[in-house]
Amino acid sequence: MSLHEMLAKSSPRETLTAHLEATLAGAEALRRRIGRIKAVEPVIQDVFWIVVRLAALCHDAGKIPEGFQAMLRGRSRFWGERHEAVSLGFLPALLPDGPMRLWVATGVVTHHRPIEGGGRSLLRAYGRADEDEWRKRLPVPGNVADELTEWLSRTARRAGLPVRPDVPVGMDVTGAARQVFEQVVERWEPPASMEEGLAAVLVQGAVTLADHLSSAHGTLHSRQPLDGDFPRLLAARFAEKGHRLRPHQRQAGAADGHLLLRAPTGSGKTESGLLWASAQVAAIARAVGGTPRVFFTLPYLASINAMAVRLGELLGDGDLVGVMHSRAASYHLATAICPEDGDEERAEAAKKAVARAAATRLFQETVRVGTPYQLLRGALAGPAYASVLVDAANSVFVLDELHAYDPLRLGYILAMTRLWERLGGRVAVLSATLPESLADLFRDVLDGTIHQIDADASGAARRHRLRLRDRHLTDPETVAEIAGRLDGGESVLVVANNVADAQHVFAELSPRAETAYLLHSRFRRMDRAAIEDGIRRRFGVGRPRCGGLVVATQVVEVSLDVDFDCLFTSAAPLEALLQRFGRVNRVAERPAADVVVHAPAYGPRRKGGEDYADGVYPRLPVEMGWDILTRHDGEEVDEGEARVWLDEVYASDWGRGWRKAVGEHLTRFEDAFLTFAHPFAARDDLGERFDQLFDGTEAVLAQDRDAYEAALEQVDDVRAAGRLLAERYLIPMPYWAAPLTTWEKRLGVRVVEAEYDERLGLGEIHGPVAQVYQAGEVL
């Protein structure tokens, strides 16, 4: 066979030279988008993108062996060798021995597998193989190798890349591959410095991403809609509604550097963050070129979906906004289908949703909304996640409503924030309840200029009147009090700390309400989507006022843009309570509305240990918050003073312990994930630990198993689309709850035998694990 008959992909079929050219083009598109990465310059000077482009051009050159080609053509099922090892053999013909060739070789050989560690490492495959074994296992057709070497040289020169002017003929590709492989192994065997390891991971990420773009025939958006014209666009939108930009919004838009913003719910905090982001986009582009990306992060999936819709409307095109979480395809499907759609329409919508989610995974959009934990995955590095890091370089990060009271996750986010700044990024923290201790932590980890802006709440209307009840939310007296509000035609929000309490209160009160919804995390996806849509339609901000009931858990704190007449809630940390208060009298159109806080039940969790409020929150911060609220029982809440309440909690002995714990978690995360001392060691164990911390699992009800299987098979030609249609039957569960389920290997899903109601959600689990779970227990 000749060179131009060589394949790189079998489905769809793509020639090797076409794929290599497309990958080179992908690397060039990345260079134009990301710009100059200053963090790598002490190690790799100004040749980072030259290295990436050369590695992209050569990364799959090793696919010419007969064994690989036979596999692509269906003549064999398995080759058993690694093409990237063979690809190394072409580099000596293009580049002289030296640091540049070693960096290019690093990008080539690491784009699929780790070098060391684990059963899939390249060292395990070839580390003990002598020259004879390399030649036996990796034979290269000489005529094609000569053709390819000449083609690589010609293509590189045409792209302006610095390769040898002369092209040797009759190169010993396999022998050269072994030699260069040993040089790469020797280079990365000793621990690398932070700068070296980071540069290495970024090279790996850029080459891998260019390869993925080429394979998917993807494109990168070249325009940032949050550009210099955005403030004018936003001001015009405000003017259409008779509003003007507020002082804190204008200040945010004028800031040059990092931002800490305190602004009450309903004061235009989101718009402040976007105005700030547009200014940073311009500043970064001036400094390093490229098209900076903007990441807007929120803690809950529902709030991410709502924010994606809101940004799409604001920017005039929802396709400009990427949704960056584990269920992004489900979000795109939900926005594309109608209840009356038949199977064919749903199947077509599923195909489009899968494609849209895949585009976001290839970092197509320049504005993305997601959880902070999707960005934290970049710390895992390796072929799967190094691309997340390189895409984060020279980017803008808006962190909305971080949960300060969770020291572990906060420590991890702070560690990653320091890395984002090192990579040329800028960070904003937006919060209605930003305690000074949290602001201090960001000041500690960020070296650049930090602007702190506090929205002026002195003349703001008092939206809430605080009422305390020294009884539990589930107490009969509480139920009777809420029922009286419902009988009076009010819209009532009830927030419980756990699913069991929420289900109990809903069962007691729903018969008394004109309309009632229960919202928590243990619903099938399709049921939760329908519930959230119903809540928005009836209780959304700007909707005509009408009575009704919503009982929810913490998922309502920042997830839905809703407005109620009054709130009944279990006590929780002050940040969480203030977020719950913000769902009531949202835009201060009415006199101060009642927010009624109830004493929680304290006790140890199932395995004993310290006490928790309703099994969820550590006792001490909840008790301190309760003591503070007691001093203001019956008063209208001054939202400026509420910040002082938070500072009192965090200035306590508990707060000092909290701060110490945050620092310890920050250090552990940096040591485990962000030193990059061995950038190409397998990180499978770290990936599993990460999943346990941030990712849950999901299960399908036993009674839905057949419907799940039928949905899987509904789209014959796009397997992922069938799986997406099936996902509507899944119920989220935490990672540690997997033993409550059984694994259905053929369908690739966990199955749980449990009672379930479309309005109540997951109930009692049956079968062999029933003794470890009671209906509604906190999962």
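Residues numbered from 1 in each chain as written. Predicted model: local features only at pLDDT ≥ 70, side-chain atom pairs only at ≥ 80, totals over all residues. Heavy atoms only, no water.

**Q** Looking at this structure, how should I read the nonpolar core?
**A** Soluble globular proteins: nonpolar side chains tend toward being buried together. Core analysis: the biggest nonpolar cluster contains 199 residues, and Ile37, Phe48, Leu148 and Leu152 have the highest contact counts within it. The dominant element in this core, judged by the number of residues it contributes, is helix α12 (residues 194–216), at eleven residues. Setting aside anything within four residues of it in sequence, one finds leucine 152 in contact with Leu20, Leu57, Cys58, Ala61, Phe90 and Leu94. Core analysis: the next-biggest nonpolar cluster, separate from the first, contains 37 residues, Leu226, Ala277, Phe296 and Ala308 among them. (Core = buried A, V, L, I, M, F, W, Y, C linked by side-chain atoms within 4.5 Å. Buried < 20%, exposed > 50% of the residue type's maximum accessible area, 1.4 Å probe, protein only. Helix = DSSP H or I, 4+ residues; strand = E, 2+ residues; numbered from the N terminus. Contact = heavy atoms within 4.5 Å.)

**Q** Help me out: how do you make sense of unusual backbone geometry in this one?
**A** Trans is the common state for peptide bonds, and a negative phi is the common state for residues other than glycine. In this structure, asparagine 394 takes a positive phi of about 55 degrees despite not being glycine. One can find asparagine 394 in the loop between α20 (382–392) and β7 (396–400).

**Q** Please clarify how the pairing of strand β23 (residues 754–757) should be interpreted in this entry.
**A** Sheet faces and side chains relate simply in a regular strand, where the side chains alternate between the two faces. Of the two faces of β23, only one is covered, namely that formed by Ala754 and Tyr756; the face formed by Glu755 and Asp757 stays uncovered. Taking the residues between adjacent antiparallel strands as the criterion, β23 and strand β24 (residues 761–765) are bridged by three residues. (Pairing = 2+ DSSP bridges.)

**Q** What exactly am I supposed to notice about the packing of aromatic side chains here?
**A** One pair of aromatic rings is described through two measures. These are the centre distance and the angle between the planes. Tallying each qualifying case throughout the model produces 14 aromatic pairs. Ring pairing ties together the aromatic residues Trp103, Trp188 and Phe680, which thus form one cluster. Lying across the ring of tryptophan 188, arginine 187 places its NZ or CZ 4.0 Å from the centre. (Phe/Tyr/Trp six-rings, centres within 6.5 Å; stacked < 30°, edge-to-face > 60°. Lys NZ or Arg CZ within 6 Å of the ring centre and 35° of its normal.)

**Q** Would you explain the sheet that holds strand β6 (residues 367–370) in this entry?
**A** In spatial order, the strands read β5-β6-β4-β7-β8-β3-β9; together these seven strands make up an open sheet with parallel pairing. Single-partner strands in this sheet number two, and they are β5 (321–324) and β9 (450–454). Across the sheet, the mean angle separating the axes of adjacent strands is 15 degrees when strand polarity is ignored. With four bridges joining them, strand β4 (residues 294–297) and β6 adopt parallel strand pairing. Note on β6: the bridge partner recorded for valine 294 is valine 367. (Axes fitted to C-alpha atoms, helices over the stretch in contact; angles between N-to-C directions.)

**Q** Explain the pattern of salt bridges to me, please; I cannot follow it from the model alone.
**A** When charged atoms on two side chains of opposite charge get close, those side chains can pair. By the definition in use, this model includes 62 salt bridges. With its nearest N and O atoms 2.7 Å apart, the salt bridge here joins arginine 463 to glutamate 639. Of this pair, arginine 463 sits in the loop between β9 and β10 (464–469) while glutamate 639 sits in helix α28 (residues 639–650), placing them 176 residues apart in sequence. Take arginine 463: its relative accessible area is 5%, and that puts it in the buried class. A salt bridge links aspartate 653 to arginine 656; its shortest N-O distance comes to 2.4 Å. With aspartate 653 and arginine 656 both in helix α29 (residues 653–674) and three residues apart, the pair spans about one turn of that helix. (Salt bridge = Lys/Arg side-chain N within 4 Å of Asp/Glu carboxyl O.)

**Q** Looking at this structure, how should I read the sheet that holds strand β17 (residues 608–613)?
**A** Two strands in a sheet stick together by hydrogen bonds in their backbones, pointing the same way (parallel) or opposite ways (antiparallel). Read from one edge to the other, the open sheet built from three strands follows the order β16-β17-β18, with strand pairing classed as antiparallel. Edge positions in the sheet fall to β16 (602–605) and β18 (617–618), since each of these pairs with one other strand and no more. Two strands pair when backbone bridges link them, and β17 and β18 are joined in this way by two bridges, in the antiparallel orientation. What sits directly across from alanine 613, in β18, is tyrosine 617.

**Q** Honestly, the confidence of the model for the chain in this entry has me stumped. Any pointers?
**A** Interpretation of this model should avoid reading the predicted coordinates in detail wherever pLDDT is low. Summary statistics for the chain give a mean pLDDT of 88 and a share of 90% for residues scoring 70 or more. In the model, residues 329–341 has pLDDT below 50 throughout and makes 27 contacts with residues more than four positions away in sequence or in other chains. Below pLDDT 50 for its whole length, residues 769–779 participates in 30 contacts with residues either more than four positions away or in separate chains. (pLDDT = per-residue confidence, 0-100.)

**Q** Quick question: what am I supposed to make of the packing of helix α21 (residues 407–422) against α29 here?
**A** In helix packing, the relevant descriptors are the interaxial angle and the interaxial distance, both defined with respect to the helix axes. The contact between α21 and α29 brings their axes to 7 Å, and the two run at 55 degrees. Regarding the angle of α21 to α29, the classification is oblique. Like other packed secondary-structure pairs, α21 and α29 cross with a definite hand, here right-handed. Where α21 approaches α29, its residues Pro407, Leu408, Leu410, Gly411, Tyr412, Leu414, Ala415, Met416, Arg418 and Leu419 are matched on the opposing element by Trp658, Ala661, Val662, His665, Leu666, Phe669, Glu670 and Leu674. Residue composition of the contact of α21 with α29, by class: 14 nonpolar, two polar and two charged. (Parallel < 35°, antiparallel > 145°, perpendicular 65-115°, else oblique. Left-handed = near helix turned anticlockwise from the far one by under 90°. Nonpolar A, V, L, I, M, F, W, Y, C, P; charged D, E, K, R; others polar.)

**Q** Looking at this structure, I do not really get helix α15 (residues 269–288). What am I missing?
**A** Structural remark: α-helix, 3.6 residues per turn; residues separated by three or four positions point the same way. For α15, which comprises 20 residues, the first-to-last C-alpha distance of 28 Å matches the rise-based estimate of 28 Å (1.5 Å per residue) to within 8%. For α15, the tally of buried residues reaches 15 of 20 residues, placing the bulk of the element in the interior. A positive backbone phi angle near 80 degrees is found at glycine 289, which sits one or two residues after α15. (Expected span 1.5 Å × (residues − 1).)

**Q** Help me out: how do you make sense of the pairing of β10 in this one?
**A** Only one face of β10 is covered, namely the face carrying His464, Leu466 and Leu468; the face carrying Arg465, Arg467 and Arg469 is uncovered. Alignment of β10 against strand β15 (residues 593–598), held across six bridges, turns out to be parallel. Bridged to arginine 467 within β15 is valine 596.

**Q** Would you mind going over helix α26 (residues 574–581) with me for this structure?
**A** When you tally the buried positions in α26, you get eight out of eight residues, the bulk of the element. The set of residues buried in α26 consists of Leu574, Glu575, Ala576, Leu577, Leu578, Gln579, Arg580 and Phe581.

**Q** Just checking my understanding: could you explain the packing of helix α1 (residues 16–34) against helix α10 (residues 142–158) for this structure?
**A** Interhelical geometry of α1 versus α10 gives an angle of 25 degrees and a closest axis separation of 12 Å. Taken together, the axes of α1 and α10 are roughly parallel relative to one another. Both α1 and α10 take part in a crossing whose hand is right-handed. Side by side, α1 and α10 meet where Leu16, Thr17, Leu20, Glu21 and Leu24 of the first sit next to Leu148, Trp151, Leu152, Thr155 and Arg158 of the second. Residues belonging to the contact of α1 with α10 are distributed by class as follows: six nonpolar, two polar and two charged.

**Q** What am I meant to see in the environment of serine 193 here?
**A** Secondary-structure assignment places serine 193 in the loop between α11 (173–188) and α12. C-alpha separation for the pair serine 193 and threonine 675, spaced 482 residues apart in sequence, amounts to 7.7 Å. The residues touching serine 193, leaving out its near neighbours within four places in the chain, are Thr675 and Phe676.

**Q** How should I be thinking about the side chain of threonine 478 in this particular structure?
**A** By the element assignment, threonine 478 lies in helix α23 (residues 476–487). Separated by 2.9 Å, the side chains of threonine 478 and arginine 471 make a polar contact. Those residues within four positions of threonine 478 in sequence are excluded, and the remaining contacts are Arg471, His472, Leu473 and His598. (Polar contact = N/O pair within 3.5 Å; in protein donor to acceptor, adjacent residues only side chain to side chain.)

**Q** Quick question: what am I supposed to make of the environment of arginine 619 here?
**A** Within the secondary structure layout, arginine 619 lies in helix α27 (residues 619–630). Looking at arginine 619, the relative accessible area reads 29%, which means it is partly exposed. Between the alpha carbons of arginine 619 and proline 573 there is a distance of 9.1 Å; along the sequence they are 46 residues apart. In this structure, arginine 619 is in contact with Tyr602, Asp611 and Tyr612, ignoring residues within four places of it in sequence. In this structure the side chain of arginine 619 is engaged in a polar contact, spanning 2.8 Å, whose partner is the side chain of aspartate 611.

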